[in-house]
Amino acid sequence: LFPLPGGWYCFNRENCDTRYDTMRRLMSSREWPATRVGAGILSSQPEENPHWWNANMVFIPYCSSDVWSGASSKSEKNEYAFMGALIIQEVIKELVGKGLGTAKVLLLAGSSAGGTGVLLNVDRVAEQLEEMGYPGIQVRGLADSGWFLDNKQYRRTDCIDTITCAPTEAIRRGIRYWNGIVPERCKLQFKEGEEWNCFFGYKIYPTLRCPVFIVQWLFDEAQLTVDNVHLTGQPVQEGQWLYIQNLGRELRNTLKDVTASFAPACLSHEIITRNHWMDIQVKGTSLPRALHCWDRSLHESNKNGKAPLKGCPIHLIDSCPWPHCNPSCPTIRDQFTGQEMNVIQFLMHMGFDVQKMAQQQGLEPSKLLGMLSSGN
């Protein structure tokens, strides 16, 4: 199990300098702690990680700031080195001599920028192992919160820094700055100079050979941030509210042909390395259970290409339409007071008009409130 962490990126000298000053742990190993305790899928406790607690795990911290795609060393012209793609290759090389060569399955997992990193690197890892003479190792991917949309921002802003820059523009600039590499099969789908498309899950996924499980909140906080929807303090305007609901619809749409997916209708970001990862359910199935089902289905299909396992679903996408309409979503806290909020408090806090929404849905307001609090 190889988990790749996230932490955004920087795409020009200025914002890389700022990142170096304010988030040095994402650019240098100098301040890293000697040890870390894993949570979620990295936990060694069977109660918290029922299926992978005793797997061999290799944690590769993120210090390349390039969505794990870069292949450029420090030079006269470039003050920084961006070597995300090369770091993964080197780690694989080193581990083959330490027992990886006898593995049956290698699961490349990642969250946020690391989730996108999985999509960009999973096939390359499989090819590398084949070339090194290990074609028997099954390489798989698990991409958490890295399936972004290249959609129109709620309010268009100029590309000044990582947060205000529209995702397509940031990646377009980033690829040039990092000398970023994308998988050959995806690259061939697009014109020269359009390689940025391969950083977006729904565009690269159809080109991948390795099986990949996609975990994505329908209302991902990082997506909303780059789309300039900031849910702080003041009630959400109707335009924002419609934008948020539409984002959920668009995202759900891009996942419909994804074989293995887990997409709860929550406002959140990252899950596989959080200790509450067992609590979230979609249609009554938790994420660890869905991953276990996926694991079994790949195992079975390798044997005899049978139909999916009964009662063991792997395509799980919430169908309810607004943030936190799933009652198992992680707790929301008021950003100012730190108070926990339930779904109704959260929606009221966001300026949700129960009367109006009930009218639109043709329901009694009390019935709508009941549905919201039970998550139907």
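Bear in mind that the values here come from a model prediction, so they are computed numbers and not experimental data. Counting restarts for each chain: residues are numbered from 1 in the order of the written sequence. pLDDT decides what is reported in this predicted model: residues at 70 or higher carry local features, side-chain atom pairs at 80 or more are listed and counted, and totals for whole chains, interfaces and linings draw on all residues regardless. Computation of side-chain values covers all heavy atoms of the structure but excludes hydrogens and water.

1. A closer look at the pattern of salt bridges
Two side chains of opposite charge can pair, provided their charged atoms sit close to one another. We define a salt bridge as a side-chain nitrogen of Lys or Arg found within 4 Å of a carboxyl oxygen belonging to Asp or Glu. The final tally for this structure, using the stated rule, is 10 salt bridges. In this structure, Glu90 engages Lys93 in a salt bridge whose closest nitrogen and oxygen atoms are separated by 3.0 Å. With Glu90 and Lys93 both in helix α2 (residues 84-96) and 3 residues apart, this pair spans about one turn of that helix. The class of Glu90 is partly exposed, set by a relative accessible area of 44%. A residue is classified by how much of its surface remains accessible, and Lys93, at 46% relative accessible area, is partly exposed. We note a salt bridge from Glu169 to Arg173, for which the minimum N-O separation is 2.7 Å. In this pair, Glu169 and Arg173 are both assigned in helix α4 (residues 167-178), 4 residues apart and thus about one turn of the helix distant. Summary of the burial criterion: residues with accessible area below 20% of their type's maximum are buried, those above 50% are exposed, and those between are partly exposed, where the area comes from a 1.4 Å probe applied to protein chains only. Residue Arg173 is classed as partly exposed on the basis of its relative accessible area, which comes to 30%. Look at the salt bridges and you will find they share partners, linking Arg13, Asp17 and Glu79 into a network. The helix count covers DSSP runs of H or I at least four residues long, the strand count covers runs of E at least two residues long, and both are numbered beginning at the N terminus.

2. Brief notes about the domain arrangement of the protein
Interfaces are frequently sized by the accessible area removed from exposure as the parts join. For the protein, the domain assignment lists domain 1 (2-341) and domain 2 (342-375). The source of the domain bounds is an automatic or database domain assignment. Here the C-alpha centroids of domain 1 and domain 2 sit 32 Å apart.

3. Digging into helix α3 (residues 113-131)
For α3, spanning 19 residues, the distance from its first C-alpha to its last is 27 Å, which sits close to the expected 27 Å at 1.5 Å a residue. Note on bend: the value at a residue is the angle between axes fitted to the seven residues ending there and to the seven starting there. Its maximal kink placed at Asn121, α3 deviates by approximately 45°. Of all the 19 residues making up α3, 16 are buried; the element is thus mostly covered by neighbouring parts of the structure. Just downstream of α3, Gly133 is the residue with a positive phi angle, here 90°. Helix span, expected: 1.5 Å multiplied by one less than the number of residues in the helix.

4. Here's the deal with the state of the cysteines
Throughout, a disulfide means two cysteine sulfur atoms within 2.5 Å of one another. For the structure on display, the rule yields 6 disulfides. The disulfide partner of Cys320 is Cys325, and the S-S distance across this bridge is 2.0 Å. Across the S-S bond of Cys320 and Cys325 the torsion is about 80°, and the bridge reads as right-handed. Per residue, the accessibility class of Cys320 equals that of Cys325, and both read buried. Looking at the protein, its bonded cysteines, counted consecutively from the start of the sequence, adopt the pairing 1-2, 3-4, 5-6, 7-12, 8-9, 10-11. As a non-bridged cysteine, Cys63 has Cys10 as the owner of its nearest cysteine sulfur, 12 Å distant. Looking at the unpaired Cys210, the closest cysteine sulfur is the one in Cys186, lying at 14 Å. By relative accessible area, Cys210 is classed as buried at 12%.

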